[in-house]
Each structure stands twice: as C-alpha cells, then as structure tokens.
Amino acid sequence: MSRPRRLSRLLSRPRPKLVSLRTTFAVSFAAVTAAVTVLVGVLSYSAAARLVRVDQESVFDEVVQDLRDEVRGHRMAPEDFSSAAPGHDIVRPARTDVQVLGADGSVVDSGSPGLPVVAADRTAAAAPAAGRMAVHKDVDVGSDVYRIATVSLGGGRGAVQVAQEFSDTEDLLRALQQRTLILMIAVVTAAGLFGWWLARRITHRLVILTTAAEDVARTRRLGVQVPVTGHDEVGRLGRAFDRMLGRLAQSEEDQRRLVQDAGHELRTPLTSLRTNISLLRRIDELPPDTRDELVADLTQEARELTDLVNELVDLAAGQSDAEPPRRLDLADVAEEVAGLARRRTGRQVLLRASGETTVHGRPGMLQRAVSNLVENATKFDRDGRAPVEIAVTGPARPGVVRVEVCDRGPGIAEADLTRVFDRFYRAADARSLPGSGLGLSIVREVALAHGGAPFAFRRAGGGTVIGFTAGGSLPDRTHDDGHPREYRD
C-alpha cells in the first residue's frame with residue numbers, strides 16, 4: 001500500500017469524540033486559577049480575622065490590666081469610677097462599656113447599655129482583695145455580643161465591670177468575607193475568560209493544522225499548503241507536516257508518472273509479442289527461415305521486456321530508503337563494477353582514482369549507478385576502439401566525490417545533453433539499439449539521493465563524459481521543468 005493511501009486511511013479512521021484542546025486548556029487554566037485564588041483568599045481572610053481578633057482582645061486585656069493595677073495601688077470606692085465623678089480616670093476605648101457595682105453587687109453607675117450582673121460578679125464585688133477578676137465571654141447584651149471582665153475594688157467595697165463589644169468586629173469580618181468571596185468569583189470568572197482567549201490564541205494554529213489534515217483525508221489531495229507560522233513547537237510541527245505532505249505529493253506524482261511511462265513503454269514490446277504469438281498458430285505453414293526469424297524475434301522481445309521490467313524494479317527500489325547508508329569508498333565500488341564489465345564484455349575498462357573518495361551512502365544504489373554508466377558507455381561505443389575510462393575524484397568540494405565514465409563513442413548531440421537523464425528518453429540515433437532509456441534515469445535518482453547531481457557533456461576528441469557527484473549539497477543544476485543542466489568543468 002502506498003504512503004499517501006496509508007496516510008489517508010490513518011487520517012480518515014473514525015475516532016471517539018473528545019473534548020477540544022481549547023476547552024481543556026481553558027478549563028484547566030480556570031481550575032488552577034480558582035484553586036490558587038481560593039487558597040490565597042482563605043489564607044488571607046484567616047490571617048486578617050486572626051489579626052483583628054487578637055488586636056481587639058489585646059486592647060481589652062490592656063484596659064482590664066490597667067484597671068487592676070489602679071485598684072491594687074490605690075484604695076478606691078465605687079464613686080471614684082462613676083461617670084458623673086469629675087476626676088474618674090479609666091480609659092474607655094471605642095466600643096467599650098463601663099458599669100460600677102456596689103458592695104452588695106447592685107448597680108451603682110449603669111453602663112450604656114446596662115450590663116448583666118451574675119453571681120460571679122457579686123462575689124467579686126464582695127471580695128476582700130483588690131484586683132480579683134471574673135471574666136465572661138460572648139455575653140449577649142441586646143443585639144450585640146460583649147466580653148465582660150468584673151474587677152473587685154477590695155475590702156468588700158464593690159467592683160467595676162468593663163465590657164468590650166465584639167459583634168461589630170464580627171460584622172466587619174463577615175463583610176470582609178463576603179467581599180473576599182465576591183473577589184474570588186470575579187477572579188475565577190476573569191481567569192476562565194482569559195484562559196479561553198489564551199487557549200484560542202495558542203490552539204489557533206493547531207486548528208489550522210487539523211483542518212488541513214482533515215482536508216487531506218477527505219479529498220486525498222496532498223498538495224495542500226499548510227499556513228502555519230512561528231518558531232515554537234507548533235510552528236515546527238506545521239512545517240514538518242507541510243514538508244511531509246510535499247514529499248508524499250512528490251512520491252505520488254513520481255509513482256503516477258512512472259506507471260504512465262512504464263505503461264507507454266511496455267505497450268510496444270507487448271504489441272510485438274502479441275503479433276508474433278498470433279503467428280505461432282501458423283508456424284507449420286511458414287518456411288524454415290521465417291520460423292527461425294520469428295523465434296529469434298520472440299526471444300529478443302522477451303529479453304527486452306525482461307530488461308525493462310528489471311530496470312523499472314531497480315528504479316522503484318532506488319527511490320526507497322530500505323538500504324541502510326554507511327561509509328564506503330567509491331573507488332572500491334568502481335573497481336568492482338570495472339571488473340564485472342571486463343568479464344561480461346571483454347572490453348578494456350580503466351580506473352583512475354585520486355584524492356579522498358570515501359562517502360556516506362548506500363552501496364547497492366551507488367554500485368547500480370556506476371554500473372549503468374559503464375553499460376551505457378559500452379553499448380554506445382560498439383566498435384570498442386578505445387578503453388572505457390572510469391575516473392573517481394575527490395573531493396572537488398568538501399566531502400563531494402565525482403565519478404566520471406568516459407568513452408570514445410559517437411557522442412551525444414548538444415540538444416540531447418539536457419534530456420539524457422529523463423525516464424525513457426532515448427536520442428534519435430539510439431532508438432535502434434536495445435535498451436529502455438531508464439539506465440541514466442536511475443543514475444540521476446541515485447545522485448540526488450546522495451546529495452549530488454548528474455552531469456553529461458561531449459568529450460574533447462570525440463565521445464561522451466557522463467557521471468555524477470555524491471556526498472554533498474551542490475547548487476541546483478536543474479531547469480524549472482526538472483531536466484538536468486549540462487554540467488561542465
């Protein structure tokens with residue numbers, strides 16, 4: 001199954017309905033903000049309430065302690081604390097009430113409002129020692145809550161009640177609590193809205209990328225431009241996806257063109273085979289010379305069809321990356337090809353190597369490319385007047401190795417130099433020779449796969465030089481239509 005079809009099936013595979021990333025991000029952002037806001041609000045309110053209560057209690061404790069110190073240091077009577085007495089000297093802070101009790105616990109000078117008197121207060125009023133104290137917490141006086149301390153004057157002379165209102169403080173704290181709660185709700189709401197806006201801004205490019213992927217799955221068109229920008233992870237993903245679609249589209253186009261070209265080229269030998277096979281039904285009626293010619297023709301057509309299929313397989317295999325690359329010496333590869341050509345053709349094949357000829361590549365592909373160049377040279381130089389020369393030179397540029405195969409054949413016309421690497425292209429004077437026109441196309445594919453480029457030019461004194469470079473990035477030597485330019489030193 002082809003890569004584009006696998007991609008289409010993968011993208012079009014039904015998936016369970018999920019919550020969008022934008023919603024997940026917004027809800028998560030709001031949840032984290034809510035948790036932090038609630039935690040900070042609760043801690044802030046608790047700290048503020050504790051400080052207010054402690055401050056109020058410390059003020060009350062200071063007033064009571066000052067009163068105890070005063071009655072212990074001076075012999076004082078209830079009249080000394082009366083609000084009508086011109087010289088009374090008790091500090092009365094805000095929200096503080098004072099009430100004076102007589103020796104029997106009766107109210108001598110009522111507070112505002114009046115404070116309740118219980119048995120413990122009467123006991124304190126009759127106490128012989130000055131400064132004895134009875135404390136009452138959370139006493140309801142009307143609609144307010146007070147804390148009351150009753151301090152004895154000593155000698156059974158009575159007592160002074162000091163009360164501090166705490167209900168106002170609690171009302172203040174409740175108002176603070178309500179405002180804190182309102183503020184937290186406002187912060188959480190604002191965080192949710194901001195999180196939604198931020199999630200939309202962040203996931204916008206992901207939505208574009210998803211839409212592009214869904215379009216590819218729906219239309220099966222790989223030539224879709226992915227408009228994703230930025231230099232973060234999303235930008236990198238978009239550019240990688242765009243490059244992947246480009247390579248898949250190119251691969252699909254190459255496969256389509258290969259099938260079309262192969263179908264066109266296979267049509268001729270198949271038609272000839274069909275015609276000759278139809279003649280086999282009348283082979284008994286044919287003269288012996290015609291029979292021999294028919295069998296020879298069938299053999300030749302079958303051989304050419306086999307060679308064409310093999311080259312198509314090699315071309316398709318050359319486009320794959322199944323063969324792992326490794327460090328190898330192109331001079332050694334060329335020596336193996338030269339030895340094989342000598343044994344097959346009986347021709348003299350010379351090898352010249354100079355410089356560092358080691359590259360990082362796939363051995364099988366490079367050997368096939370060099371072998372195709374040598375076979376091309378021996379095929380066109382049919383008279384064999386001069387040896388075929390292989391030159392491996394490196395590095396012409398850093399890391400770039402150059403392979404040339406030179407012959408003394410009839411050469412290539414100037415108009416054909418730019419097209420000899422096209423698939424199935426054969427020059428006019430070469431169409432009578434056996435071959436499919438795929439050999440040099442394979443050379444081009446191998447060169448491009450190894451960071452190089454093919455080249456071809458007429459040789460001084462007659463003949464042709466055809467080769468390729470490998471192992472580096474070369475300037476673009478192709479026309480806009482993809483045809484290789486003539487490469488000349």
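Bear in mind that the values here come from a model prediction, so they are computed numbers and not experimental data. (Residues numbered from 1 in each chain as written. Predicted model: local features only at pLDDT ≥ 70, side-chain atom pairs only at ≥ 80, totals over all residues. Heavy atoms only, no water.)

Chemist: Got a minute to help me understand the UniProt feature "transmembrane region" (unreviewed entry) in the protein chain in this structure?
Modeler: Mapped onto this structure's residue numbering, the UniProt feature "transmembrane region" (unreviewed entry) falls at residues 181–199. Secondary structure content for residues 181–199 is 100% helix and 0% strand, while the C-alpha to C-alpha distance between its ends is 26 Å. (UniProt positions renumbered as here; feature names shortened; annotations may be inferred. Helix = DSSP H or I, 4+ residues; strand = E, 2+ residues; numbered from the N terminus.)

Chemist: Explanation requested: the nonpolar core in the structure shown.
Modeler: Nonpolar side chains tend to gather and get buried jointly when the protein is soluble and globular. By size, the foremost hydrophobic cluster in this structure holds 35 residues, and its most contacted members are L330, I390 and F468. Of all the secondary-structure elements, those providing two or more residues to this core are α7 (330–345), α8 (363–380), β9 (388–397), β10 (400–407), α9 (439–449) and β12 (464–470). For this core, the leading source of residues is α8, giving 7 residues. Beyond its immediate sequence surroundings of up to four residues, F468 is in contact with L366, A369, V370, L373, V401, R402, V403, V443, A447, A453, P454 and F455. Counting 14 residues, the second largest nonpolar core, distinct from the first, contains L67, V100, V151 and V160. (Core = buried A, V, L, I, M, F, W, Y, C linked by side-chain atoms within 4.5 Å. Buried < 20%, exposed > 50% of the residue type's maximum accessible area, 1.4 Å probe, protein only. Contact = heavy atoms within 4.5 Å.)

Chemist: What exactly am I supposed to notice about the confidence of the model for the protein chain here?
Modeler: Predicted coordinates in areas of low pLDDT are best not read in detail. A residue-level look at the protein chain finds 80% of positions with pLDDT of 70 or above and a mean pLDDT of 76. Taken as a whole, residues 473–489 scores under 50 in pLDDT and shows 43 contacts with residues more than four places along the chain or in a different chain. (pLDDT = per-residue confidence, 0-100.)

Chemist: What exactly am I supposed to notice about the side chain of T378 here?
Modeler: Locating T378 in the fold gives a position in helix α8. Owing to a relative accessible area of 15%, T378 belongs among the buried residues under this scheme. Of the polar contacts made by the side chain of T378, one reaches the backbone oxygen of E375; its length is 3.0 Å. Once residues lying within four places of it in the same chain are set aside, the contact partners of T378 are R347 and V388. (Polar contact = N/O pair within 3.5 Å; in protein donor to acceptor, adjacent residues only side chain to side chain.)

Chemist: In this structure, what is going on with the sheet that holds strand β3 (residues 133–141)? I would like to understand it.
Modeler: Hydrogen bonds between backbone atoms are what pair the strands of a sheet, whose relative direction is either parallel or antiparallel. Taken in spatial order, the 5 strands make up an open sheet running β2-β1-β5-β4-β3, and their pairing is antiparallel. A single partner strand is all that each edge strand has here, and the edge strands are β2 (107–109) and β3. Averaged over all neighbouring strand pairs, the angle between strand axes comes to 30 degrees, with direction disregarded. As judged from the 7 bridges shared by β3 and strand β4 (residues 144–152), these two strands associate in the antiparallel manner. In the sheet register, M133 faces β4, and the bridge partner there is V151. (Pairing = 2+ DSSP bridges. Axes fitted to C-alpha atoms, helices over the stretch in contact; angles between N-to-C directions.)

Chemist: Explanation requested: a nonpolar patch on the surface in the structure shown.
Modeler: On the surface, a nonpolar cluster with roughly 250 Å² of combined accessible area is contributed by V32, V36 and V40. Here V40 lies in helix α2 (residues 21–73). (Patch = residues over 30% accessible without salt bridge, like charges linked within 9 Å, V, L, I, M, F, W, Y side chains within 5 Å. Areas by Shrake-Rupley, 256 points an atom, 1.4 Å probe, with all protein chains shown as cover. Salt bridge = Lys/Arg side-chain N within 4 Å of Asp/Glu carboxyl O.)

Chemist: I tried to follow the environment of T358 on my own but got confused; where do I start?
Modeler: Here T358 lies in strand β8 (residues 358–361). Measuring from C-alpha to C-alpha, the distance between T358 and P395 comes to 9.0 Å, with 37 residues separating the pair along the chain. If we ignore the near neighbours within four places in the chain, the residues touching T358 are R327, L328, D329 and V401. Of the polar contacts made by the side chain of T358, one reaches the side chain of E356; its length is 2.5 Å.

Chemist: For this particular structure, what's the right way to read a negative patch on the surface?
Modeler: Taken together, D55, E62, D66 and D69 make up a surface patch of like negative charges. With respect to the secondary-structure elements, D69 resides in helix α2. (Lys, Arg positive; Asp, Glu negative; His and termini not counted. Charge placed at Lys NZ, Arg CZ, Asp CG, Glu CD.)

Chemist: Help me understand the packing of aromatic side chains in this model?
Modeler: Aromatic rings in a pair are described by how distant their centres are and how their planes are angled relative to each other. Across all of its chains, the model carries 2 aromatic pairs by this definition. Between the aromatic rings of F455 and F457, the centroid separation amounts to 6.3 Å while the plane-to-plane angle is 20 degrees, which identifies the pairing as stacked. Judged by its relative accessible area of 12%, F457 is buried. When the ring centre of F455 is taken as origin, the NZ or CZ atom of R402, which lies over that ring, is 4.0 Å away. (Phe/Tyr/Trp six-rings, centres within 6.5 Å; stacked < 30°, edge-to-face > 60°. Lys NZ or Arg CZ within 6 Å of the ring centre and 35° of its normal.)

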